[in-house]
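# Structural description and commentary
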Amino acid sequence: MEDEAGGLAPGRWTIDPVHSEITFTVRHLMTTVRGSFPDFGGEVTIGADPMRSSARAEIRMASIDTRSAERDEHVRSADFLDVRRHPVMTFRGTGVERAAIGRRARQPRYHLDGDLTVRGVTRPVRLLTEFHGIASDPWGGTRAGFTATASISRRDFGIEFNVPLQGDKVMLGDTIAIALEIQAVHEG
């Protein structure tokens, strides 16, 4: 199984938030709004059998950044994230399997299944994850790189706010596209 994980050593790998990012996009009117959550942490635990690995993450909801202070305040409100009552979004991995899609990808791809909790509502989410390999860093550590993507419905998490527009259109799309760029440090 080591070949399947590209030499990824079993043990705990801590996410380095300085060299990682959690971003999202959502349709707003005729364009796409992009944002990020810069305050987060977590870890990946690689099993002796990589298919028995797990992951967990916590994202501080108040850290949302869409490059508009006014919009960020509205998204923090009870209309959307309700950060006063639900300050943290969590992800807990429940399983890993090799992805059947992307066979021509340069790096191995996996599905990381897990439970995402937003506003106190937990739903299953499947992340398409790409492992980019490992490397030594300048400080004597070992790092691993991952990219993961998923799409969720905000309504599945009780986020219903919208503004009706002319005809049957609405201001805000339901689908949230999530993208993760993760660099993790081996802790042993």
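Each value, and the rule that gives it
Residues numbered from 1 in each chain as written. Predicted model: local features only at pLDDT ≥ 70, side-chain atom pairs only at ≥ 80, totals over all residues. Heavy atoms only, no water. Pairing = 2+ DSSP bridges. Helix = DSSP H or I, 4+ residues; strand = E, 2+ residues; numbered from the N terminus. Contact = heavy atoms within 4.5 Å. Buried < 20%, exposed > 50% of the residue type's maximum accessible area, 1.4 Å probe, protein only. Lys, Arg positive; Asp, Glu negative; His and termini not counted. Salt bridge = Lys/Arg side-chain N within 4 Å of Asp/Glu carboxyl O. Polar contact = N/O pair within 3.5 Å; in protein donor to acceptor, adjacent residues only side chain to side chain. Core = buried A, V, L, I, M, F, W, Y, C linked by side-chain atoms within 4.5 Å. Phe/Tyr/Trp six-rings, centres within 6.5 Å; stacked < 30°, edge-to-face > 60°.

Time to look at the pairing of strand β2 (residues 21-28). As defined by bridge partners, β2 adjoins strand β10 (residues 172-186) across seven bridges and the pair is classed as antiparallel. Residue pairing across strands places Thr 25 opposite Ala 177, the latter belonging to β10. In this antiparallel pair of consecutive strands, β2 and strand β3 (residues 31-36), the connection spans two residues, and Leu 29 shows a positive phi of 55 degrees.

What follows is about the environment of Glu 160. Here Glu 160 shows up in the loop between β9 (142-153) and β10. C-alpha separation for the pair Glu 160 and Asp 79, spaced 81 residues apart in sequence, amounts to 7.7 Å. Once you skip the residues sitting within four places of it in the chain, Glu 160 turns out to touch Arg 154 and Arg 155.

Before going further, it helps to examine the side chain of Arg 119. Mapping Arg 119 onto the fold places it in the loop between β7 (109-118) and β8 (121-136). Buried within the structure, Arg 119 lacks any salt-bridge partner; Asp 82 is the closest side chain of opposite charge, at an N-O distance of 5.1 Å. There is a polar contact of 2.3 Å between the side chain of Arg 119 and the backbone oxygen of Phe 80.

This part covers the pairing of β7. In terms of residue burial, β7 counts as a mostly covered element, since seven of its ten residues are buried. Where strand β6 (residues 88-98) and β7 come together, eight bridges link them in antiparallel fashion. Across the sheet, Glu 97 pairs through a bridge with His 111, a residue of β7. Strand direction decides the pairing type here: β7 and β8, joined by ten bridges, are antiparallel.

Okay, the pattern of salt bridges next. Scanning the model with the defined rule gives twelve salt bridges in all. One salt bridge connects Glu 43 with Arg 12, and the closest N-O pair in it is separated by 2.5 Å. Of this pair, Glu 43 sits in strand β4 (residues 40-46) while Arg 12 sits in strand β1 (residues 11-15), and the two are 31 residues apart along the sequence. When its relative accessible area of 39% is taken as the criterion, Arg 12 is described as partly exposed. Here Glu 73 makes a salt bridge to Arg 76, at a shortest N to O gap of 2.7 Å. With a gap of three residues between them, Glu 73 and Arg 76 both fall in helix α1 (residues 69-76), about one helical turn apart. Several salt bridges converge on common partners, so that one network encompasses Arg 12, Glu 43 and Arg 56.

Turning our attention to the side chain of Asp 174. Here Asp 174 shows up in strand β10. Within the structure, the side chain of Asp 174 is placed 3.1 Å from the backbone nitrogen of Arg 155, a separation counted as a polar contact. Filtering out sequence-adjacent residues up to four positions away, Asp 174 remains in contact with Ile 152, Ser 153, Arg 154 and Arg 155.

Counting residues in each nonpolar core, the largest one holds 44 residues, and the members touching the most others are Phe 37, Leu 81, Leu 116 and Leu 127. The element that contributes the greatest number of residues to this core is β10, accounting for six residues. Not counting the four nearest positions on each side in its chain, Leu 81 is found in contact with Phe 37, Met 61, Ile 64, Val 75, Arg 76, His 86, Arg 119 and Ile 159.

What the rule picks out here adds up to two aromatic pairs. Between Phe 24 and Phe 37, the aromatic rings sit 5.6 Å apart at their centres with planes inclined by 40 degrees, giving tilted as the arrangement. Residue Phe 24 is located in strand β2, and its partner Phe 37 is located in the loop between β3 and β4; the two are separated by 13 residues in the primary sequence. Ring centres of Phe 131 and Phe 146 lie 5.4 Å apart, and the angle between their planes is 35 degrees; this geometry places the pair in the tilted category. Remark: Phe 146 occurs in strand β9 and Phe 131 occurs in strand β8; sequence separation between them is 15 residues. Residue Phe 131 is classed as buried on the basis of its relative accessible area of 5%. Judged by its relative accessible area of 14%, Phe 146 is buried.

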